[in-house]
Amino acid sequence: MSYDQDFWERVWSKMLREQGEKVARRQPNAWLRETAAALKPGRALDAGCGHGAEALWLAAQGWEVTAVDFAASALAQGRAMAEALGAEVAARITWVEGDLGVWAPQAARFDLVSCLYVHVAGSVEAMVRRMGEGVAEGGTLLLLGHQPVDPATGAPTSAAGQVQISVERAVAALDTQEWELIVAEERPRAAVGSGVDAAIQARRLRRRGSPEAR
Ligand SMILES: C[S@@+](CC[C@H](N)C(=O)[O-])C[C@H]1O[C@@H](n2cnc3c(N)ncnc32)[C@H](O)[C@@H]1O
């Protein structure tokens, strides 16, 4: 199966048509909330934002958010939900239709870059580096990837067939001269039997080429 734009557009259209209210009620990711709550609101990038549960929450906390996805119907839902939350929240989110296989953030623009549960077409390391490029010095990179096999049972998970971020590949992509790894581990998912997530939290110490990095 190809997890391309057409695939995700079909998934989102169906889900919003058949379970729109359930989708709208989905709570933002608990780890993202916990991590962002400890940071001073600044600029955030939510890469692969879907319908924007996390982007909406971040904007409500005062973050200026860029929310990127290639599924137009998910972005439309996010925009509508933002407007329903009020002009102030809506004005803090820029919705971008973009393919993370090629889309790259402006270098050093963001204080927080999160990329949660995104299938990566191509090299995971390249994608992690691309997302990391967007993080300013002192900023945070937060990655979650549902692993395709449940290590407890060896059974395939609902992410089987997808290539999401793994601890090994994310760690290989992050130069320790530039990044402090705060979390790099597999964690059991909340839903019993659904396997584990690779969880990465890293803080950018410096950028290659900056005076301290030489
Ligand atoms: C499993 S959903 C996760 C959504 C959200 N991050 C969350 O945690 O609930 C994966 C999202 O990534 C988006 N996506 C997958 N591949 C993408 C790509 N190459 N470029 C942009 N968005 C992509 C899909 O459209 C979908 O909204």
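For the structure itself, consult the block above.
A brief report on the enclosed structure follows. (Residues numbered from 1 in each chain as written. Predicted model: local features only at pLDDT ≥ 70, side-chain atom pairs only at ≥ 80, totals over all residues. Heavy atoms only, no water.)

**Observations concerning the packing of helix 1 (residues 5-25) against helix 4 (residues 72-85)**
For the pair helix 1 and helix 4, interaxial distance at closest approach is 8 Å and the crossing angle is 30°. One element, helix 1, and the other, helix 4, form an angle in the roughly parallel class. Residues Glu9, Trp12, Ser13, Leu16 and Ala24 of helix 1 touch helix 4, and the partners they reach there are Ala72, Ser73, Ala74, Gln77 and Met81. A per-class count over the contact of helix 1 with helix 4 returns six nonpolar, three polar and one charged. (Axes fitted to C-alpha atoms, helices over the stretch in contact; angles between N-to-C directions. Helix = DSSP H or I, 4+ residues; strand = E, 2+ residues; numbered from the N terminus. Parallel < 35°, antiparallel > 145°, perpendicular 65-115°, else oblique. Contact = heavy atoms within 4.5 Å. Nonpolar A, V, L, I, M, F, W, Y, C, P; charged D, E, K, R; others polar.)

**A word on the environment of leucine 141**
Here leucine 141 is to be found in strand 5 (residues 135-146). Among the residues examined, leucine 141 registers a relative accessible area of 0% and is labelled buried. Sequence separation of leucine 141 and methionine 15 is 126 residues, and the distance between their C-alpha atoms is 29 Å. Setting aside residues no more than four positions away along its own chain, leucine 141 makes contact with Val113, Val128, Met131, Gly132, Val135, Leu174, Trp179, Ile200, Gln201 and Ala202. (Buried < 20%, exposed > 50% of the residue type's maximum accessible area, 1.4 Å probe, protein only.)

**A short note on the site of the ligand**
Around the ligand sit 16 residues in total, of which Arg26, Gly48, Asp69, Asp99 and Leu100 are the nearest. A distance of 2.9 Å separates an oxygen atom of the ligand from a polar atom in the side chain of tryptophan 12. Within the backbone of phenylalanine 70, a nitrogen or oxygen atom sits 3.3 Å from a nitrogen atom of the ligand. Here the ligand loses 89% of its free accessible area of 590 Å² to cover by the protein chains. (Near = heavy atom within 4 Å. Polar contact = N/O pair within 3.5 Å; in protein donor to acceptor, adjacent residues only side chain to side chain. Areas by Shrake-Rupley, 256 points an atom, 1.4 Å probe, with all protein chains shown as cover.)

**Side note on the packing of helix 2 (residues 30-37) against helix 3 (residues 53-60)**
The N-to-C vectors of helix 2 and helix 3 enclose an angle of 25°; their axes lie 11 Å apart at closest approach. Considering the angle they form, helix 2 stands roughly parallel to helix 3. Seen along the crossing, helix 2 lies across helix 3 with a hand that is right-handed. Judged by residue contacts, Leu32, Arg33, Ala36 and Ala37 of helix 2 engage Glu54, Trp57 and Leu58 from helix 3. Here the residues of the contact of helix 2 with helix 3 sort into five nonpolar, no polar and two charged. (Left-handed = near helix turned anticlockwise from the far one by under 90°.)

**Notes on unusual backbone geometry**
The phi torsion at alanine 108 lies on the positive side, around 60°, for a residue other than glycine. Within the fold, alanine 108 resides in the loop between strand 3 (93-97) and strand 4 (110-116). A positive phi angle, near 60°, is found at tyrosine 117, a position not held by glycine. Tracing the backbone shows tyrosine 117 in the loop between strand 4 and helix 6 (124-133).

Worth remembering: the numbers are spatial, not functional.
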